[in-house]
Amino acid sequence: TIIFPDGQPLNMILDDGGDLTNWVHEKHANLLPGIYGLSEETTTGVHNLAKMLKAGTLKMPAINVNDSVTKSKFDNLYGIRESLPDGIKRATDIMLAGKVAVVAGYGDVGKGSAASLRAFGSRVIVTEIDPINALQAAMEGYEVTTMEEAAPKAQIVVTTTGCKGIVRGEHFEQLPNDSIVCNVGHFDCEIDVKWLEANATKKDTIKPQVDRYTLKNGRHIILLAEGRLVNLGCATGHPSFVMSNSFTNQVLAQIELYTKHNTKEAYKVGLYVLPKSLDEEVAMLHLDKLGVKLTKLTDDQAKYLDLPVQGPFKPEHYRY
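None of the values given here were measured: they were computed from a predicted structure.

Peer 1: Looking at this structure, how should I read the confidence of the model for the chain?
Peer 2: Atomic detail in the predicted coordinates should be set aside for any region of low pLDDT. Per-chain confidence: the chain averages 92 in pLDDT, with 92% of residues scoring 70 or above. Across residues 12-18, where pLDDT falls below 50, the model places 6 contacts with residues more than four positions away in sequence or in other chains.

Peer 1: Looking at this structure, I do not really get the environment of Pro152. What am I missing?
Peer 2: The residue Pro152 is located in the loop between α7 (147-150) and β8 (156-159) in this model. What makes Pro152 partly exposed here is its relative accessible area of 42%. Other than its neighbours up to four places away in sequence, Pro152 contacts Gln174 and Pro176.

Peer 1: Any chance you could explain the pairing of strand β6 (residues 123-127) here in plain terms?
Peer 2: On a regular strand, one side chain projects to one face of the sheet and the next to the other, so that they alternate. Among the 5 residues that make up β6, 4 are buried, leaving the element largely enclosed by the rest of the structure. Of the strand pairs in this sheet, strand β5 (residues 100-104) and β6 are connected by 5 bridges, and their pairing is parallel. Paired with Ala101 across the bridge in β6 is Val124. Once you follow β5 into helix α5 (residues 108-119) and on to β6, the crossover reads as right-handed. Pairing between β6 and strand β7 (residues 143-144): 2 bridges, direction parallel. Considered in β7, the bridge of Ile125 is made with Glu143. Each parallel crossover has a hand, and for β6 linked through helix α6 (residues 131-139) to β7 it is right-handed.

Rules of the game
Residues numbered from 1 in each chain as written. Predicted model: local features only at pLDDT ≥ 70, side-chain atom pairs only at ≥ 80, totals over all residues. Heavy atoms only, no water. pLDDT = per-residue confidence, 0-100. Contact = heavy atoms within 4.5 Å. Helix = DSSP H or I, 4+ residues; strand = E, 2+ residues; numbered from the N terminus. Buried < 20%, exposed > 50% of the residue type's maximum accessible area, 1.4 Å probe, protein only. Pairing = 2+ DSSP bridges. Right-handed = clockwise from strand over helix to strand, strands pointing away.

Set out below in structure tokens:
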């Protein structure tokens, strides 16, 4: 989302998998002087903004909405926990119970994916590059191993990493017959769809967004949503309530950019996160809908903890 001087936001999803920031910077640089700033909601988008900032190609203030706690720990985790199995089931009508499911990556999206598959009765295996995430997965009771070791028994594969080249040709060749492969890691480069297109002897479209490839070894791979986001391609994405958390962050970020422009607190070119007080406000705005009643600090308790009675309640370094 980009905010213009008239206060009107511009929201776009580009068909080529690009992002709005690059679209403006590279194709419509003439618009830059009139833009107050932008807010970015996705993990991959924020990663790209950080690369632009480091390279000196970012030309406007950017607010990183993704790393608001009420986005990454809710949309990425609880949203995918419901929308991933929704996408798989709408596409295939399979029973998840008893099947071996491999989740590539154990960040917030991987955590939600693994939890939902296990809740349905799947035997979940996790792959990871990060020792901390791998240790978390192990302590949650998941088997943690490599894709090379997991592929021969993986009846379902879900990529969640935001990286590329996660499921490659050598893995496809090892998968059991009619394994289901899908992605919720933002871009379609996690699964090597080009290898499938080039090496499969046959491709049958079972229905839109569900393709069955015949490999030279005679086994079949069922690819969902052409390797793009399966919860969007085969279902309707996250439930609206959890998206409200994310979009409230977007609105607050836009208000922040707009109201502080031309003041001494105006944001300079850079990448920022919203203050914790606004993060807590987003959560506060959603509590009534769930029937939540908050406990209030007494003045004596607040003094003991050295906290304001109304918050923020956690230091900036706190990990939720």
